[in-house]
Amino acid sequence: MPETPKPVILPVPGKKNILITSALPYVNNVPHLGNIIGSTLSADVYARYSKLRDRSTLYICGTDEYGTATETRALEAGVTPQQLCDEFYAKHKAIYEWFDIGFDYFGRTTTKQQTEIVQDAFLKLHANGFMEERTTTQPYCEKHESFLADRFVEGTCPKPGCGYEDARGDQCDKCGNLLDPFELINPKCKLDGATPVPKETAHFFIRLDKLQPQVQEWFDKAHKEGNWSSNGVAITKAWLDRGLDARSITRDVKWGVPVPLEGFEKKVIYVWFDAPYGYPSITANYTDQWEKWWKNPDEVDLYQFMGKDNVPFHTVLWPASLIGAEGDKWTKLHTISTSEYLNYENTKFSKSRGVGVFGDGAKDTGIGPSVWRYYLLANRPETGDTQFEWSGFVAANNNELLANLGNFVNRVIKFVNAKFDGVVPEFSASYTDDSFDFPGWIGGINNLLSEYIAEMELVHLRAGIKKLMEISSQGNLLLQYRLDNANLAEHPERTKTVIGLALNLSSLLASLASPYMPSTSQSIVRQLNSDLKFITEKFDTEVIKSGHKLGKAEYLFTRIDDKKMNEWKDRFGGTQASRAAEEAAKEALKAKKQAEKDKKKAKKAAKKAAETDGADASSSAPAAQVGEAPQTAATQESKELPIREKPVEK
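Residues numbered from 1 in each chain as written. Predicted model: local features only at pLDDT ≥ 70, side-chain atom pairs only at ≥ 80, totals over all residues. Heavy atoms only, no water.

Draft legend 1. Spotlight on the sheet that holds strand E2 (residues 56-63). Strand order in the open sheet formed by 5 strands is E3-E2-E1-E13-E14, with parallel pairing between adjacent strands. Strands at the two margins of the open sheet, each flanked by one partner only, are strand E3 (105-108) and strand E14 (333-339). Along the sheet, successive strands turn relative to each other by an average axial angle of 20°, direction set aside. Across 6 bridges, strand E1 (residues 17-22) lies against strand E13 (residues 300-307) in parallel orientation. Bridge assignment links Ile-18 to a residue of E13, and that residue is Asp-301. (Pairing = 2+ DSSP bridges. Helix = DSSP H or I, 4+ residues; strand = E, 2+ residues; numbered from the N terminus. Axes fitted to C-alpha atoms, helices over the stretch in contact; angles between N-to-C directions.)

Structure (C-alpha cells):
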C-alpha cells in the first residue's frame, strides 16, 4: 500500500513561523562528527523543539554540488561531476538518516530551480548597478585551451622550508599556506601536465563596497533582535570593520550555474554566490509555494546553523546579494547559531590518515544514534573548541543516560507491569504526605521546565540537554526509597502517587528528550502506550491517567564495556601501519600516473620521429625547459578573489 504523502508545511498567518537551515554540506566528502554537530544535528534539535512548541516549522538542507572541488574530485575518480554528486548525495542522505536527523526536505543544488533562482538574482544585481566587469589574469592551459581554476594547477610549494611537490594553486596541504597559482615552482596543469601561462579574462564582480552601508544597517538591527551567537557577531563585525571590497562572482570553469549574459556563455557563477541560494531552491523543489517562506520577512523568522568558517557567507555576502537584488523582499537571517571546532582526542579529524569517527563509521560501532547525539550535543562547541574522547563517550552512556534517564523510566514501567498488570493505579497529584514534599517537588519540576524552555529559545543547546538530565534526576529522587514492594504494602496511597507522578514525568521527559534523542523518546512513548505531547509552560500531571494501560518495558540504553574504549581508539586513531599503507598506496598511484605520462610521451616522440623521417637529429631532442611562470604576491583576501584585476577598457 503506497505511503500517504505528508502535508506540505507552510507558514501560518498570525503564528510564529520558523524556517531553519543548516549549512549545505559539500558533496564530495563524507562528513565527520565535527561537521555533523556543527550544522545538521544542531539544526535538527532546534527544528524538533520548535515543532513541539506547536510552531509552523520547516527544516531545509541539501548537498552543495557545484564548484571546482567537485570537478577535481571527479577527475581523480575518473567519473563525471554529476556521477560523483549522485554517489555522494546518497552517502550523505544515508548518514543523516541513521543519525535520526529529520529534515523536512533534503535536496541538492544541481537542479533547474537552482539555476533559475541564481540567474534571476544575478541579473537583478546587474540591472541595479551592483555588478562591474573587470579583467583578471588567470592560469591558462594552451594544450587543452582552457582557463584553469587554482585547484587545477599543481607544483612545488615556494614557501621557505616546505618544498612540497604536490601543492595546489590555492593552498599547500603540507604547510597550510594559501597560495597563488603563479607562485608555484614548476606549475603543471592537473589535467594534462602542460605548463600553464598567464592570460587575461573578463569577469563580473559584485560591488560589495557599494552595498556595505545597507548591510551594516541590517546587521546592526538583526544581530540584536535575533540574539546571534557571540562568535557570529564577532566574525561579521570584523569583516564589516575591515571594509568590503568588490568580489569576483564568475569563473572560467564548466561545473556550475551558467552566467546568463551574452558573451559569457562559457563561464559559470562562482560557487560562493551560488551555494546560499540552495536554501530557497531546495525549498522550491519541496513546494512551488516556496516564496511564502523565503519572501515573507514579516511572518517568518530564519534560523541558520553552521560552523564558524561559514559565518561571513551567511552574515555578509549572501545578505548583500539579497539586498542588492530585491531590497527588503527576502526573508533574511534572524538568528545564527555557530559552533567552534570539535577535535578528536586532541588532534584533528583526518579521513586520509584514518583519524576520527566519520558518519559512516559511527554506525559500525553498534552504538545507537541516541548515544552519539547525546554525547555530541552535551559537548557541542558553542563558545570554544571541544574534544571527542572515547572515555567521555562511554561515561556519558553508562553514568548519565543509563544510570539516570534509562534507570528512571525502566524502573517505574517495570514496577507497574509487575504489580498492576500494566494498568496505572488510582492516584491523586494533589496528595500530600509528611515524608515527602510532593507539591514542592512538582514546583521544582516546573522551575526546571521554565529554565529548559528559556535555554532552548536562546538556542543554548548544551544548556538545554543539561536541564533535561536535571529533570530526569528529579524523577530518580522521587523514586528513591519510595518505590518497592515494602512501600507498596506499608504506604499504598503514597506509592501510587509516586507511580502516577513518575509516569507523567516520563511523558514530559519524552517530549523534552525528543529534540535530542528522538528514537529514545519514541521508545518512552511506546512504553507509556501514549503519544508525544507538545512542550508547554507547565508540567501536566494528568497526561497519563489512572486506569491507563501501559505498553511493554524496553531498555532505553545498555552498558558499554570499558574495554571498548581501547578497541575504538585503535580502530579510529590512525595507526602507524595504516598511515604507512596509505603513503605506500599514494606513492604507487603517483608512480602509475608518471608511468602513463612517460608512455604517452614516448609514443608521441616515436610518432613525431616517424613523421619527420630524416630530419636533423637535434629536432627530436627535448625542448628547452620552460621558465617559471611570472610570480605575483599572494592575495591578502580570500583565495576566491582572482589576481591582478583591472577595469575593462570600454
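Draft legend 2. Representation of the nonpolar core. Counting residues in hydrophobic clusters, the biggest one holds 168 residues, and the most contacted among them are Trp-372 and Phe-393. Membership of the second largest hydrophobic core comes to 15 residues, among which are Phe-152, Cys-189, Val-253 and Val-268. (Core = buried A, V, L, I, M, F, W, Y, C linked by side-chain atoms within 4.5 Å. Buried < 20%, exposed > 50% of the residue type's maximum accessible area, 1.4 Å probe, protein only.)

Draft legend 3. The pairing of strand E6 (residues 153-156), seen in detail. Where E6 meets strand E8 (residues 185-189), 3 bridges bridge the pair, whose relative direction is antiparallel. The partner of Thr-156 across the bridge, within E8, is Ile-185.

Draft legend 4. Inspection of the side chain of Lys-190 at higher detail. Counting through the fold element by element, Lys-190 comes out in the loop between E8 and strand E9 (197-206). Only 3.1 Å separates the side chain of Lys-190 from the side chain of Glu-76, close enough to count as a polar contact. Not counting residues within four places of it along the chain, the set of residues in contact with Lys-190 comprises Thr-72, Leu-75, Glu-76, Arg-151, Phe-152 and Glu-154. (Polar contact = N/O pair within 3.5 Å; in protein donor to acceptor, adjacent residues only side chain to side chain. Contact = heavy atoms within 4.5 Å.)

Draft legend 5. Region of the structure containing the environment of Pro-381. Among the structural elements, Pro-381 can be located in the loop between helix H12 (369-378) and strand E16 (386-388). With relative accessibility at 1%, the residue Pro-381 sits in the buried group.

Draft legend 6. Spotlight on the confidence of the model for the chain. With 90% of its residues at a pLDDT of at least 70, the chain reaches an overall mean of 90. Note that residues 614-650 has pLDDT below 50 and, in this model, 66 contacts with residues that lie over four places away or in other chains. (pLDDT = per-residue confidence, 0-100.)

Draft legend 7. Structural detail: the packing of aromatic side chains. According to the stated counting rule, one finds 42 aromatic pairs in the structure shown. For the pair Tyr-279 and Trp-318, a centre-to-centre distance of 5.9 Å together with 55° between the ring planes defines the contact as tilted. You can see Tyr-279 sitting in helix H8 (residues 278-286) and its partner Trp-318 sitting in helix H10 (residues 311-326), a full 39 residues away along the chain. In terms of burial, Tyr-279 and Trp-318 fall into one category: buried. (Phe/Tyr/Trp six-rings, centres within 6.5 Å; stacked < 30°, edge-to-face > 60°.)

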